[in-house]
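What the coordinates show
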Amino acid sequence: MALTVVSRDHPFSHLIETLKTEKHPGRKYFSLQKLEDPRYNELPLSIRILLEASIRRCDGFYVQREDVEAILDWRQQQGSAEVPFIPARVLLQDFTGIPAMVDLAAMRDAVASLKGDPSLVNPACPTDLIVDQALQIDFSKCAIQNAPNPGGGEGQAAPIKSSPAKAQPHGGSGCRDQRTCSKGSCSDAPTTSGRVPSVQIENTPLLCPFHLQPVSEPETALRNQEKELSRNKERFQFFKWCSKAFKNVKVVPPDIGAIHQVNVEYLCQAVQAQEEYVYPDSVVGTDSHTTMVNGLGVLGWGVGGIESEAVMLGQPITLTLPKVVGCKLVGSINNLATSIDVVLGITKHLRQAGIGGKFVEFFGPGVSQLSVPDRTTIANMCPEYNATVSFFPIDDVTLKHFRQTNFSEEKLELVEAYLKAVKLFRNYQDPSEDPVYSEVIEVNLSTIVPHVSGPKRPQDRVEVSTMKKDFASCLNEKVGFKGFHIPVEKQSALVPLLHEGQEFSLAHGSVVIAAIISCTNNCNPSVMLTAGLLAKKAVAAGLRVRPYIQTSLAPGSGMVTHYLNTSGVLPYLSQLGFEVVGYGCATCLGNTAPLPSAVVDAIRKGDLIACGVLSGNRHFEGRLCDCVRANYLASPPLVVAYAIAGTVSIDFETEPLGVTVEGKEVFLRDVWPSREEVQHTEENMVISSMFRDLGEKMEKENKMWKNLDAPESTLFPWDVKSTYIRCPPFFHKLTNKPCPPQPIESAHALLFLGDMVTTDHISPAGSISRTSAAAKYLTSKRLTPREFNSYGARRGNDAVMTRGTFASIKLQNRFIGKAAPKTLHIPSGQMMDVFEAAERYQRDSIPLIILAGKKYGSGNSRDWAAKGPYLLGVRAVIAESFEKLHKNHLVAMGIAPLQFLPGQSADSLGLNGKETFSFSIPADPSPGQELTVHTSTGKSFQVMTLLESKVDVIFYQHGGILKLVSRSMIPSQP
């Protein structure tokens, strides 16, 4: 089904207009203004996107006129009406995308077997599949090697060598001083650390973290890529075949970037222009970070595998018309507040508001102060406050951002003209454009102030403005979560310190460790840029960091070094002692070098509460160093500020940050960069560079991917020996036309379950137990337990996934009486694995049902939670109630969801589950029709079929959506 082809009898063809642009003549669009309905101007902009999609895709079957009217009447229908939504595109990552693509490949086989044209089997919706697998390190180049310390416990890891106060001169291309390197020479060495490596950015030198000298151009990345190719060759070959065989599928190969980054940075279109029509970009994706695109004005959220597969096949997502919470931003952002402060402040307000399952849409004059990276970060944190989306309508700030990315001037003209024509463009300064919301939450940005956390626990937040006072109270308080109980007479102690021939003094609150670890700040570069620009201004003002303070910069990835280099601030950080020591977790894990002995002696002599300041996420007492008892988490620029000040006992408003050699006092406000300065640097230097590099990567591809052999055939050549990818039997015995539903006679209950059976119980995604049915299968394929991998990694193999169905060790089956992945084979009375029992039932041609309590199928969406029971032979599930999404999945696989009548249950009806059950579903059932179930004990009871629409009925009649779509591509028989 084409996305934008509009027939002459389209019910809303009278709304079609031609967009007036110089560079895009002839482009058509549905003008929602021509509805001439005052309700449209009151709709939140996110709801207007749902309305446009319903009008454009109204076909009388999947989307009906009644759906359009329900969305238009959003103020009355919100929270109750069920409406369809067909997004503009689908986003898949490799783990969740592989079963969908495997199903399409199997569908081609089925269509070909019935004399159809398999090349017609393609996604109906444009689909992007990003191969962003987590790279496993097998080789490293003089990288920081941490001792095993999972979860960051109290075990002491191998220390990082401290960098000298001044960088050694770069003599030659290699790191030469190897006598003091505990790792030996800076050469490739195998490692089992399992740490995800950073991407090496072109034109950014790789530094030996122990000498800060450039090392020779590494072969490390190449060797890791070769190992990854060997480990994942089977999957990669299948993905590459998909990219060639299917239309409407774009595969982004490995080594380009993570799925959410590629989605935001490259795939986002803002406005789609397909064939001759223009319409809003929108997306559903199988990744929790999909919501980031809402920061760019693109409506999108995460879904499960079976929903994404259904959209790929042309079926809409059904959702309850959401309530939309308007988040009004007012006031001006505090000068010292970083983007992370703002993001966390807004997130805190939303979390406290209780907005679970709702849309959030931002408006108000304060929105214009947020950069696009700020907005995408807030949108990315939807799971933190349980919203479905956090939507930022496109404005001038967004257009400026697009201009720095991959948008041409022609595309920008199209985007702006279309959005303004349909009133999807916002001027946040104009309150007359504000729509009506379900409720409004107002956030005053001026109330968001910078904080640090400490001195012992990350949850103890302290406003920077009260830091000096709070630290003084910590000295007085009894020893506890915050207190140190230092006698009053000793609180003003000064201890002399001789370091490298210079005299200093230490006091309570003196900073001795200052570490910037950007792992928690990577998705928003502005905080690191703020630190860099602060360092630049501080150096220009003549400020320095005392040489005894152990400073370090450990970026989370090479990308951070890249944009610090690009913006020109890295040398200034280095001049203050913040030199790159390596990539990965360091100081926050306790991996810090020993302090100079003179510093340690001074601290112990005065029993001082010395301080560490770091930008990581862990800082429990004594973790950084056993003699550093007070440790504070702070934003990267505040780490620089406290390092320059040399103490945490400072009021930045009234006390100078430092004094120049000329005796001039320099305050923090004198060197702190403005938000405008940071945003200008971010947009014009960093983002444009990042997007240019990404575009070049996309253009030239990965050499190994390009050289990877992949089949050229229309049909995929399945490898019968594969344990990762198999042709699933969903199309077994597929016929040209559906057979009428057969009566279910003398069915046994495979399982007798209670309330709240989740999709994790039905289809676990974790590791494969050595005693499970899946393990037995893999062992028969000569795999060792170390090679089992997880159920999630083997989603493309139905033999593993079917055996993994109901394999959760937490499954409470009433036949067993305890938590175990077992069931009772009723005819024999034997207890066995669920798969083995189902296999015996199928061998004896005995149909199966499942008995369950309330909320069957709760939890996360999981495609194999419906596919698995189908392949086990389950024909129906009888439950007290269903999680709606999972109920839809069962219907999509051809399993009948049947519900006990209100007030009834298996217990109230006296069922023990060991009866046999017989019932018939009519050939043309009515939505919500009641059926009579007869049991072998003579009892009968009524159930209601939860086939709630014509679409549900048709899916069930065909045995599921996969078979329905397959039959639509098979030529009619005379």
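Residues numbered from 1 in each chain as written. Predicted model: local features only at pLDDT ≥ 70, side-chain atom pairs only at ≥ 80, totals over all residues. Heavy atoms only, no water.

Under the convention used in this document: UniProt positions are given in the numbering used here, feature names are shortened, and annotations may be inferred rather than shown by experiment.
Going by an unreviewed UniProt entry, the chain carries the name aconitate hydratase and comes from Paramormyrops kingsleyae. As its UniProt record puts it under Subcellular location (unreviewed entry), the chain is described as follows: "Cytoplasm". Of the comments in the UniProt record for the chain, the one headed Catalytic activity (unreviewed entry) reads "citrate = D-threo-isocitrate".

**Details of the sheet that holds strand β8 (residues 249–252)**
Hydrogen bonds between backbone groups are what pair the strands of a sheet, and the pairing can be parallel or antiparallel. Put simply, the test is: Two strands qualify as a pair provided DSSP detects at least 2 bridges between them. The way it works is that DSSP assigns letters per residue, a run of H or I at least four long becomes a helix, a run of E at least two long becomes a strand, and they are numbered from the N terminus. In this analysis an axis means a line fitted to C-alpha atoms, helices contributing only their contacting stretch, and an angle means the value between N-to-C directions, from 0 to 180 degrees. It only takes one pair of heavy atoms within 4.5 Å for two residues to be counted as in contact.
Pairing within the open sheet is parallel, and its five strands lie in the order β8-β5-β4-β11-β12. Looking along the sheet, the strands with just one partner apiece sit at the ends: β8 and β12 (299–302). Taken over all neighbouring pairs, the strand axes of this sheet differ in orientation by 15° on average, direction set aside. Pairing analysis gives four bridges linking strand β5 (residues 127–130) to β8, with the strands arranged parallel. If you follow Ile130 over to β8, its bridge partner there is Val252. The strands that helix α5 (residues 94–113) touches are β4 (89–93), β5 and β8; relative to β4, the one it contacts most, it runs at about 115°.

**A closer look at empty space enclosed by the protein**
Which entries qualify depends on this criterion: The way it works is a 1 Å grid over only the protein atoms, where trapped points that fit a 1.4 Å probe form a cavity and open points with protein on both sides within 12 Å along at least five of seven lines form a pocket, and then any residue with an atom within 4 Å of a point lines it. Grid points are joined across faces, edges and corners, and a volume is the space filled by probe spheres set on the points.
As enumerated under the stated definition, the model contains eight cavities of 30 Å³ or more in all. Of the pockets and cavities examined, the largest cavity occupies roughly 100 Å³. Ala337, Ser339, Thr530, Arg675 and Val678 are the residues nearest the centre of the largest cavity, which is lined by 15 residues in total. Those elements that provide at least two residues to the lining of the largest cavity are α15 (526–540) and α21 (675–700). Examining the composition of the lining of the largest cavity, we find that four residues originate from one element, α21, more than from any other.

**Some details on the nonpolar core**
Heads up, the rule is: Residues enter a nonpolar core if they are buried and are Ala, Val, Leu, Ile, Met, Phe, Trp, Tyr or Cys, with the set joined through side-chain atoms within 4.5 Å. Accessible area is worked out with a 1.4 Å probe on protein chains only. A residue is then buried under 20% of its type maximum, exposed over 50%, and partly exposed in between.
Met101, Phe238, Leu750, Phe806 and Tyr856 are the most contacted members of the largest nonpolar core, which totals 190 residues. Top element by residues in this core is α5. It accounts for 10 residues. Excluding anything up to four places from it in sequence, Leu750 contacts Phe815, Thr823, Val834, Ala837, Ala838, Tyr841, Leu848, Ile849, Leu872 and Val874. Val539, Leu553, Ala630 and Val648 belong to the second-largest nonpolar core, a separate cluster that totals 76 residues.

**Some remarks on the environment of Tyr724**
The condition that has to hold: Any pair of nitrogen or oxygen atoms within 3.5 Å is treated as a polar contact; in protein, a donor-acceptor pairing is required on top of that, and neighbouring residues in sequence qualify only through side-chain atoms on both sides.
Within the secondary structure, Tyr724 sits in the loop between α22 (703–707) and β28 (744–752). C-alpha of Tyr724 to C-alpha of Asp798: the two residues are 74 residues apart in sequence and 8.9 Å apart in space. Not counting residues within four places of it along the chain, the set of residues in contact with Tyr724 comprises Glu234, Arg235, Asn789, Ala793, Arg794, Gly796 and Asn797. Of the polar contacts made by the side chain of Tyr724, one reaches the side chain of Asn789; its length is 3.1 Å.

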